[in-house]
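# A closer look at the structure
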Amino acid sequence: MLNKIVPTNLIFLSVCFLLCLAACSNSQGDAVAMNKANLFSATEGVITLAGAPLQNAEVIRTVRWRDENHQDSTATDADGNFSFPDLMSDRSLSVLPSEFNAFQKIIVKHNNETFLLWETVKADPVSNGELEGEALRFTCELNEEPRFVHLLLNSIETRCHW
Amino acid sequence: MSVTIPPLQAASLAQVVYQLQDSFFNRATIDRFKNSWDLSHPEAKVDGKSGTLWVIKKQTGFGIVAEGRGDQFGGDLLILLRGTDNTFDWATDATAGISWTEASDKVHTGFYKCFLSMKTELEQKLSRYKGKIRTVHCVGHSLGGALASLCANWLQTSNLLGQSKVQLYTFGSPRVGTEGFAKKLTHQLDLGTDIYRVFHKTDVVPMVPIWPFFHVPLKNHSYCLNSPGSLPSGEFHKMKNYVLSLSKSKDWGTLVDLEPPVSESAIEKWLASDGVYALTINSLNMINSALVYVIKKVLYGAGVLVQNSVGLGITLLDQLAMALAKGYNLAKDTSIWVLRLMKRIMVALGMKIKKDLEVTAQLIKFLLTALLEKVHRMVKTAVDFVFSE
C-alpha cells in the first residue's frame, strides 16, 4: 500500500544548499576585503543665494550604511565652491542576504538656518552610483524649493542641478 | 476590474522596502509612488493629509501595508515584505523541517516561523479592510518573496479580507512549500495567472531549497530574465539588478522569456546518457529535476517509507540515502533510475564508474555529500569571482 507519510526529513539537501549559501556569504569576507563600498561619491558643488555665491557657509555631509554612521563637513570658499572626497566604508561588502542602501544627506547652514541640498538612498555601492554613472557636480541655489528627481534606482530630493 | 502592478514598479517596490528608516520612507521615495501608493507614515503629513503606511517591524522581518491611490490602484492594498539576516539563520537551520499551516499546507519551517512572527500584527492591521479591498498585491524579494507567498496563501485561506483578489509578485524567491502547497496556491491565484515570479537565470537563491520544495506557480508561467554566464551568481540576486533588467519592461506581456519547462523525457534522456558535463546553472537545474523525478519514483512508485526520526541520531541525508537504496533494491523499474542518478552524480564529481557498481545507502550518501560539497565550492567560486573584478 502506498504510504502517505510525508517525507519531511528529506529536506536535508535543501538545507545543505542553503548552508552552502550561508557559508559562502560568510566566507566572502576575505574575498571582498579589498572591495569596500563607496558610501558617498566625491562631490563638487557651487552654492548660491539669490544668484550670489554663498561664502564661508558650513556644508555637512552625512551617510548611514547598516550600523556605520559618518559625518564630515567643509566650508564654501569665496566663490561658493565646496567639495567632498569619496567616502568609503570601513568594512567590505557582503553578498547575501544584504541589499546595499546608504542613506545620504547634504545640508548647508546659513544665518542659523539649515537648507537641504541633497537627500537620497544610494542603492549601488559603486562610485557615482547616486546618479547612476554621472559625476556629482552640483550648482545649488538656496532660494529654490527642493524638488524630487526620480532615476531608475534612486529617488532624490535636492536643491541642486547637475 | 483588477489592475496589475507593472514589472518595473513591482521591482522598485521590492527594492524600496529595504530603504525604510525608522518606520519612515524619505520624501523622495514617497513622491516616487504617490500616484499609485501612499507610502507616507501617519505621523508625517503630506499635503496636509496624514499618511496611511503601516509598518510591522520584527527581528526577523518587516511588513509594510500601504493603501492604493489614483485611478489604477485606488481601493487596492499593497503588502511589501522582507526578511532580515535572522531569517537567513532560520532558513539555514539544519534542524528545520516542514511546518503545517493553519490550512494544513506544508511549508518550510524557517520561512513559516518568520511569517508567523508578523502574522498577528498583520491580522490586526488588515481586519479593518474586510470587504473594502478590490485587490491585495503581495510583493517581496528573496526571503521577502517567500514571506509574500505565505502571506498570499494565508489571505486566500483565512478569508480575512473577504472576496478581495490576491496577486503575488516575487523576485529571486527561494522555494517555500511542498508540491501540494505550490499546487494549491497556484490554483488559488487564478490558476497561476495572478502570480508574477521573476528570477534571473543565474540567480542562486531560487535554486534553493531543493526537493521537496517547489516554486509557485507550479508549472511554467514564471519570468526568467537573462543574466550573463552559466554559473550561479550572487550579484544577479540583488534587487538592483532586477530593477535594471526590468527597466524597459512596460507590462508583463512584453516579458516573453518564461521559464523553460524540463520534460520528463528530457530528464530520462539526461539520466540515461553517460556523457561528461560541467556543473552549471543548467546542469544543476537538471540534477534537481532528476532528483525530484527519481525520488518520486522511489517514494510513490515503490512505496518506500521515510520515517520522521529527528533526534534519533539519523541524519536527514542518511534517510534520503536509505530511501533511495530501498528504492534501488525493491523494484527493477525504480532501481534503474536510482543507478542512473548515482552515475550522473559520479560524472559530475569526475569519478570513474565501475562496471559492477554496487549501489548502497553508504555510497548514495557519499555521492550526495560530495555533490553538495562540490556545489558549495562552485557557488563560492562564482561569488568570489563577482567580487574580485
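Residues numbered from 1 in each chain as written. Chains lettered and ligands numbered in written order. Predicted model: local features only at pLDDT ≥ 70, side-chain atom pairs only at ≥ 80, totals over all residues. Heavy atoms only, no water.

A few words on the overall build of chain B. Counting its regular elements, chain B contains 13 helices and nine strands. Within chain B, buried positions represent 59% of all 389 residues. Considering only residue pairs separated by 6 or more positions, chain B has 72% of its internal contacts joining residues 24 or more positions apart. A total accessible area of about 16300 Å² is found for chain B, and carbon and sulfur atoms account for 52% of it. (Helix = DSSP H or I, 4+ residues; strand = E, 2+ residues; numbered from the N terminus. Buried < 20%, exposed > 50% of the residue type's maximum accessible area, 1.4 Å probe, protein only. Contact = heavy atoms within 4.5 Å. Areas by Shrake-Rupley, 256 points an atom, 1.4 Å probe, with all protein chains shown as cover.)

All told, the structure shown has one disulfide over all chains when counted by the stated rule. Its sulfur unpaired, B:Cys138 is 4.2 Å from the next cysteine sulfur, which belongs to B:Cys151. (Disulfide = S-S within 2.5 Å.)

Residues and elements named next belong to chain A. Taken in spatial order, the six strands make up an open sheet running S5-S4-S8-S9-S12-S11, and their pairing is antiparallel. Each of the sheet's edge strands pairs with one partner strand only, and the pair in question is strand S5 (68–75) and strand S11 (147–150). Along the sheet, successive strands turn relative to each other by an average axial angle of 15 degrees, direction set aside. Two elements, strand S4 (residues 58–65) and strand S8 (residues 102–110), share seven bridges in a ladder whose sense is antiparallel. Bridged to Glu-58 within S8 is Lys-109. (Pairing = 2+ DSSP bridges. Axes fitted to C-alpha atoms, helices over the stretch in contact; angles between N-to-C directions.)

In this section: the packing of helix H6 (residues 143–158) of chain B against helix H7 (residues 179–188) of chain B. Residues and elements named next belong to chain B. As a packed pair, H6 and H7 sit with axes 10 Å apart at the nearest point and diverge in direction by 65 degrees. The handedness of the crossing between H6 and H7 comes out as left-handed. For the pair H6 and H7, the contacting residues are Ser-149, Leu-150, Ala-152, Asn-153, Gln-156 and Thr-157 in the first and Phe-181, Lys-184, Leu-185 and Gln-188 in the second. Along the lines of polarity and charge, the residues of the contact of H6 with H7 split into four nonpolar, five polar and one charged. (Left-handed = near helix turned anticlockwise from the far one by under 90°. Nonpolar A, V, L, I, M, F, W, Y, C, P; charged D, E, K, R; others polar.)

Here we take up the confidence of the model for chain A. Residues with a pLDDT of 70 or more make up 74% of chain A, whose mean pLDDT is 81. The low-confidence segment residues 1–33 of chain A (pLDDT under 50) makes 88 contacts with residues lying over four places distant or belonging to another chain. (pLDDT = per-residue confidence, 0-100.)

The next subject is the packing of aromatic side chains. Residues and elements named next belong to chain A. Here the structure, examined in full by the defined rule, presents 16 aromatic pairs over all chains. Here the aromatic rings of Trp-118 and Trp-162 are separated by 5.8 Å at their centres, their planes lie at 75 degrees, and the arrangement is edge-to-face. Taken together, the positions of Trp-118 in strand S9 (residues 113–122) and Trp-162 in the segment after strand S13 (160–161) put the pair 44 residues apart, joining distant regions of the chain. Overall, the relative accessible area of 0% leaves Trp-118 in the buried class. For Trp-162, a relative accessible area of 32% corresponds to the partly exposed category. (Phe/Tyr/Trp six-rings, centres within 6.5 Å; stacked < 30°, edge-to-face > 60°.)

Let's shift gears to the pairing of S11(A). Residues and elements named next belong to chain A. Relative to strand S12 (residues 155–158), S11 runs antiparallel, the two being bridged by four bridges. Bridge pairing links Val-149 to Ile-156 in S12. Turn length for the S11-S12 hairpin, with the two strands adjacent in sequence and antiparallel, is four residues.

All names here are of chain B. Per-residue confidence for chain B averages 83 on the pLDDT scale, and 85% of its residues sit at or above 70. Across residues 307–312, where pLDDT falls below 50, the model places nine contacts with residues more than four positions away in sequence or in other chains. Contacts of residues 382–389 to residues separated by more than four positions or lying in other chains number 15 contacts, the stretch itself having pLDDT below 50.

Attention now moves to the side chain of B:Asp31. With respect to the helices and strands, B:Asp31 occurs in helix H2 (residues 27–32). For B:Asp31, a relative accessible area of 16% puts it in the buried group. Among the polar contacts made by the side chain of B:Asp31, one reaches the side chain of A:His150 at a distance of 2.6 Å. Only 3.0 Å separates the side chain of B:Asp31 from the side chain of B:Lys34, close enough to count as a polar contact. (Polar contact = N/O pair within 3.5 Å; in protein donor to acceptor, adjacent residues only side chain to side chain.)

Another aspect to go through is unusual backbone geometry. For residues that are not glycine, phi is negative in most cases, and the peptide bond is trans in most cases. All names here are of chain B. In this structure, the amide linkage connecting Val-216 to the following residue, Pro-217, adopts the cis form with an omega of -5 degrees. Tracing the sequence through the fold places Pro-217 in the loop between strand S8 (195–200) and strand S9 (223–225). At Ser-104, a position not held by glycine, the phi torsion is positive, near 65 degrees. Examined against the element boundaries, Ser-104 turns out to sit in the loop between strand S4 (98–100) and strand S5 (106–108). On the basis of relative accessible area, Ser-104 is assigned to the partly exposed category, the value being 47%. A positive phi is found at Asp-190, a non-glycine position, where the angle reads about 50 degrees.

On to the sheet that holds strand S6 (residues 135–141) of chain B, then. Residue and element names in this part refer to chain B. One open sheet accounts for seven strands, arranged S1-S2-S3-S6-S7-S8-S9; its pairing is mixed. The outermost strands of the open sheet, each flanked by one partner alone, are strand S1 (54–57) and S9. Across the sheet, the axes of successive neighbouring strands diverge by a mean angle of 15 degrees, strand direction being ignored. Two strands pair when backbone bridges link them, and strand S3 (residues 77–83) and S6 are joined in this way by five bridges, in the parallel orientation. Paired with Leu-81 across the strands is Gly-140, a residue of S6. Its contacts with the sheet put helix H1 (residues 7–16) on S3, S6 and strand S7 (165–171), and the angle it makes with S7 is roughly 70 degrees. Helix H5 (residues 109–127) contacts S1, strand S2 (61–67) and S3 of the sheet and is inclined by roughly 165 degrees relative to S1.

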